[in-house]
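Remarks on the overall topology
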Amino acid sequence: MSITAHRAATGRTPGPGRGPRLGLLWHQIRYEQLSFWRNPQSALFTFAFPVVVMAIFGALFGGIGKSAFYYGRSALQYYVSTIAAVSVLGSCYSQLAIVLATRRQNGILKRVRATPLSAFAYFVGLLAHCVLVGVVDVLLITAVGRIYGVSLPAASQWPSLAVTLVLGGAAFCALGVAVASSVHNAEAAPPVVQLVLFPLVFVSGTYMPIHSAVLNGIAGALPVKPFNDALLRAFTTDQGGLPWRDYGVLLLWGIAGTAVAVRRFRWAPRTR
Amino acid sequence: MADAVVVEGLHKRYGTVWAVRGVSFAVEHGEIFALLGPNGAGKTTTMEILEGFRGRDLGRVDVLGLDPGERATERLLRERIGLVLQDIAVEPWLTVRETVARDAGCYSAPRDVDEVIDLVGLAGLERKKVRALSGGQKRRLDLALGLIGDPGLLFLDEPTTGFDPHARRGAWQLIRDLREAGITIVLTTHSMDEAQELADRVAVIADGRIVAEGSPAALGGRDTARARIRFALPPPTTVADLPVPATPGADGLVTVESAELTRTLHRLTVWALRRDTVLAGLTVDRPSLEDVYLRLTDQDHSAPRRSAP
């Protein structure tokens, strides 16, 4: 095999990097998807957990009709939205934080850093992958809900649903990167992720509706409840317009997460 | 043409400790340059500064005409250099071909994926998952990733650690072939054999400084050093009976150092023949690269390294 022959040759296959930015982005998403689906653990846990929870909730609360406790909705109408929300949290925030911390520890991020791929392209590819996984999760949960007789979102709500998923997904990705930037080793990532997430989903009414004005006031300023509320609105009403206040809170958290990530993110494990 | 790598007065400090204090060297285009040194001598820090992974405190660094500490030209530098490092890893669930193709997509003018896989000797394993590769195969994949961007300069961090002797010879030949193809290579190694076999020039770094630089054959005055003649004294003679000055060693052999090897050997053999005896275990050698290396790097490492640059 001649090496010299190659270097003398002029015709080279242009990689996606030479084409438009979108090509490179698609390249990144494609390989993120490949890595994800090949790993039986990540694929199973990401999709099995929300579907199992939804199936159990369907069996538990299927008989509870519209009530004031669920803000005038049936129990399952309520849970389809909140479990969908928590599955997006899982795919965007938890998964991303753990995956990044692990990749950094393994040296995979350093390998990425060794190529001309920009940090921007890498993260946008990763983020798009996470949001895609979140969307698949939401579709699965909606399907399980449908089996239990929960109606699909009104057609007028699809744009709002899409905006909520993309904005929420992006904000939780930013927070996931922020957490990955703040832990120093991969072993610390899962407990830190859970420590933040667990109380947050409870006070945000994910598993049971909250009727305390104080708690709702606090949770309303945190990222999970606005996401729940925006999804609940899209899934169960046909109100016009968009939930701007919820979007505003999500956007601010997304910006805060990005700021921490940009300042503190490391590509290589700490050596000294 | 200017040198591929120029380092002048490089300093790097961690807190109050100067890990690198005044390192200077140059690597010519198309040569294999080996950086040797014990762990903690500043070798890794120097390499990481050249590779653009670490900032510096003082000094000038020029890699293919670019400053690796300059963010504005970082991507340009990444297009031109290839890295094969110890602590670099890839996704375990992708196949060999997918892994190489993924990185190819990150460069504006990559080499052909199958050609590179073939070049590093992974042909036939394209569809194998990375996690199922052996240690040596993974190192070859690392090399493929270092080459996929068609670099003009390749950094190799201990390229054959963990290889069996056959794989090692193969890797050395491949590295020589890369040099023939015009790629400049900067490598680190702990193996003196490797430096001797591969490197056109060697620099030894110890305690944050370059203590010697030259061809492996001439490093530290090896080529001009006195030859050593060693043999067992035939009983009942003593060192005093010998026609040349000699020093007895703990292993029962005496050592004679000589700047005029032919003459000294002649005197010794004539002396032995006249007594009708033999010089048992006779060997003649010069200091090996390892001897020179050990002498150069044998320093009191407990000494504080806080001196100002």
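No experiment lies behind these values; they were computed from the predicted model shown.

Another aspect to go through is unusual backbone geometry. The residue after Pro 235 of chain B, namely Pro 236 of chain B, is reached through a cis peptide bond having omega 5 degrees. Structurally, the position occupied by Pro 236 of chain B is in the loop between β10 (227-232) and β11 (247-248). In this model, Tyr 71 of chain A sits at a positive phi of 55 degrees, which is unusual for a non-glycine residue. Positionally, Tyr 71 of chain A belongs in the loop between α3 (40-61) and α4 (75-106). With phi around 45 degrees, Glu 158 of chain B is a residue other than glycine that occupies positive phi space.

Attention now moves to helix α2 (residues 21-38) of chain A. For α2 of chain A, spanning 18 residues, the distance from its first C-alpha to its last is 26 Å, which sits close to the expected 26 Å at 1.5 Å a residue. Within α2 of chain A the residues assigned to the buried category are Leu 24, His 27, Gln 28, Ile 29, Tyr 31, Glu 32, Gln 33, Ser 35 and Phe 36 of chain A. The elements touched by buried residues of α2 of chain A are α3, α4 and α6 (119-147) of chain A together with α3 (96-104) of chain B.

Residues Phe 69, Phe 198, Phe 202 and Met 208 of chain A make up a contiguous nonpolar surface patch of about 400 Å² in total accessible area. Residue Phe 198 of chain A is classed as exposed on the basis of its relative accessible area, which comes to 53%.

Let us now look at the packing of aromatic side chains. In this structure the tally under the stated criterion is 22 aromatic pairs over all chains. Arranged with centres 5.3 Å apart and planes meeting at 15 degrees, the rings of Trp 37 of chain A and Phe 47 of chain A form a pair that is stacked. Pair noted here: Trp 37 of chain A is in helix α2 and Phe 47 of chain A is in helix α3, with a separation of 10 residues, a long-range link. Residue classification places Trp 37 of chain A among the partly exposed positions, given a relative accessible area of 45%. Here Phe 57 of chain A and Phe 61 of chain A contribute two aromatic rings whose centre-to-centre distance is 5.3 Å and whose plane-to-plane angle is 85 degrees, an arrangement assigned as edge-to-face. Of this pair, Phe 57 of chain A and Phe 61 of chain A both sit in helix α3, four residues apart, roughly one helical turn. Judged by relative accessible area, which is 13%, Phe 57 of chain A ranks as buried. The ring of Phe 53 of chain B has Lys 110 of chain A lying over it, and the distance from NZ or CZ to the ring centre is 4.8 Å. Here the guanidinium or amino end of Arg 78 of chain B rests over the ring plane of Phe 53 of chain B, the centre of that ring lying 4.9 Å away.

Attention now moves to the nonpolar core. As a rule of thumb, nonpolar side chains are buried together in soluble globular proteins. The biggest cluster of nonpolar side chains holds 105 residues, and the ones touching the most others in it are Leu 100 and Phe 172 of chain A together with Leu 147, Leu 154 and Ile 185 of chain B. Looking at this core, the element that brings in the most residues is α4 of chain A, giving 16 residues. What Leu 147 of chain B contacts, discounting residues up to four positions off in sequence, is Arg 111, Val 116, Leu 119, Val 120, Leu 154, Leu 178 and Ile 183 of chain B. By size, the runner-up hydrophobic cluster in this structure holds 29 residues, among which are Ala 4, Leu 64, Leu 83 and Ile 205 of chain B.

A word on the UniProt feature "domain: ABC transporter" (unreviewed entry) in chain B. Summarizing the sequence annotation, UniProt attributes the feature "domain: ABC transporter" (unreviewed entry) to residues 5-232 of chain B in the numbering used throughout. Annotated as 29% helix and 28% strand, the span residues 5-232 of chain B places its first and last C-alpha atoms 49 Å apart.

So, on to the side chain of Lys 43 of chain B. Residue and element names in this part refer to chain B. Its place among the elements puts Lys 43 in helix α1 (residues 43-50). Buried and without a salt bridge, Lys 43 has Glu 158 as its closest oppositely charged side chain, separated by 4.4 Å. Residues in contact with Lys 43, not counting those within four places in the same chain, are Leu 35, Leu 36, Gly 37, Glu 158, Thr 188, Thr 189, His 190 and Ile 205.

Mean pLDDT over chain A stands at 88; residues scoring 70 or higher make up 92%. The low-confidence segment residues 1-19 of chain A, where pLDDT is below 50, has 35 contacts with residues more than four positions distant or belonging to other chains.

Let us look at the interface of chain A and chain B. Chain A puts 36 residues into the contact, and the matching count from chain B is 47 residues. With both chains or domains summed, chain A and chain B bury close to 3900 Å², and 54% of this area falls on carbon and sulfur atoms. Remark: the boundary between chain A and chain B carries six salt bridges. The salt bridge involving Glu 74 of chain B is made with Arg 113 of chain A; its shortest N-O contact spans 3.3 Å. The interface formed by chain A and chain B includes 12 residue pairs in polar contact (both at pLDDT 80 or more). For the side of chain A that touches chain B, the secondary structure elements donating two or more residues are α1 (3-8), α2, α4 and α5 (108-113) of chain A. Tallying contributions element by element places α2 of chain A first for the side of chain A that touches chain B, with eight residues. Counted by class, the side of chain A that touches chain B contains 12 nonpolar, 14 polar and 10 charged residues.

Turning our eyes to something else, we now look at the pairing of strand β5 (residues 81-84) of chain B. Residues and elements named next belong to chain B. Both faces of β5 are covered, namely the face carrying Ile 81 and Leu 83 and the face carrying Gly 82 and Val 84. Looking at chain direction, β5 and strand β6 (residues 153-157) are connected through four bridges and run parallel. Among the inter-strand pairings, Ile 81 is bridged to a residue of β6, identified as Leu 153.

Moving on, we get to the sheet that holds strand β3 (residues 32-36) of chain B. All names here are of chain B. Spatially, the six strands line up as an open sheet ordered β5-β6-β7-β3-β8-β9, and their pairing is mixed. Edge positions in the sheet fall to β5 and β9 (209-214), since each has one partner strand and no second. Strand-to-strand, the axes of this sheet are offset by a mean angle of 15 degrees, without reference to chain direction. In terms of strand pairing, strand β8 (residues 201-206) meets β9 through five bridges, oriented antiparallel. For Ile 205, the partnering residue across the bridge sits in β9 and is Ile 210. Seen against the sheet, helix α5 (residues 135-147) touches β5 and β6 and runs at an angle of roughly 165 degrees to β5.

With that out of the way, let us pick up the pattern of salt bridges. What the rule picks out here adds up to 26 salt bridges over all chains. Asp 251 of chain B is the partner of Arg 230 of chain B in a salt bridge, and the nearest nitrogen-oxygen pair spans 2.9 Å. One end of the pair, Arg 230 of chain B, is in strand β10; the other, Asp 251 of chain B, is in the loop between β11 and β12 (253-258), with 21 residues separating them in the sequence. Since its relative accessible area comes to 22%, Arg 230 of chain B is described here as partly exposed. Each of the salt bridges in this network shares a partner with another, and the network as a whole consists of Glu 32 and Arg 103 of chain A together with Glu 91 and Arg 102 of chain B.

Our focus in this paragraph is the environment of Pro 209 of chain A. Mapped onto the fold, Pro 209 of chain A is located in the loop between α8 (189-203) and α9 (213-221). Beyond its immediate stretch of four places on either side in the chain, Pro 209 of chain A contacts Phe 69, Tyr 70, Tyr 71, Tyr 78 and Tyr 79 of chain A.

Another point: the domain arrangement of chain B. Often, the extent of an interface is quoted as the loss of accessible area upon association of its parts. For chain B, the domain assignment lists domain 1 (5-221) and domain 2 (227-285). If you average the C-alpha positions of domain 1 of chain B and of domain 2 of chain B, the two centres end up 45 Å apart.

Procedures and definitions
Residues numbered from 1 in each chain as written. Chains lettered and ligands numbered in written order. Predicted model: local features only at pLDDT ≥ 70, side-chain atom pairs only at ≥ 80, totals over all residues. Heavy atoms only, no water. Helix = DSSP H or I, 4+ residues; strand = E, 2+ residues; numbered from the N terminus. Expected span 1.5 Å × (residues − 1). Buried < 20%, exposed > 50% of the residue type's maximum accessible area, 1.4 Å probe, protein only. Contact = heavy atoms within 4.5 Å. Patch = residues over 30% accessible without salt bridge, like charges linked within 9 Å, V, L, I, M, F, W, Y side chains within 5 Å. Areas by Shrake-Rupley, 256 points an atom, 1.4 Å probe, with all protein chains shown as cover. Salt bridge = Lys/Arg side-chain N within 4 Å of Asp/Glu carboxyl O. Phe/Tyr/Trp six-rings, centres within 6.5 Å; stacked < 30°, edge-to-face > 60°. Lys NZ or Arg CZ within 6 Å of the ring centre and 35° of its normal. Core = buried A, V, L, I, M, F, W, Y, C linked by side-chain atoms within 4.5 Å. UniProt positions renumbered as here; feature names shortened; annotations may be inferred. Lys, Arg positive; Asp, Glu negative; His and termini not counted. pLDDT = per-residue confidence, 0-100. Buried area = accessible area lost by both parts, 1.4 Å probe. Polar contact = N/O pair within 3.5 Å; in protein donor to acceptor, adjacent residues only side chain to side chain. Nonpolar A, V, L, I, M, F, W, Y, C, P; charged D, E, K, R; others polar. Pairing = 2+ DSSP bridges. Axes fitted to C-alpha atoms, helices over the stretch in contact; angles between N-to-C directions. Domains from an automatic or database assignment.

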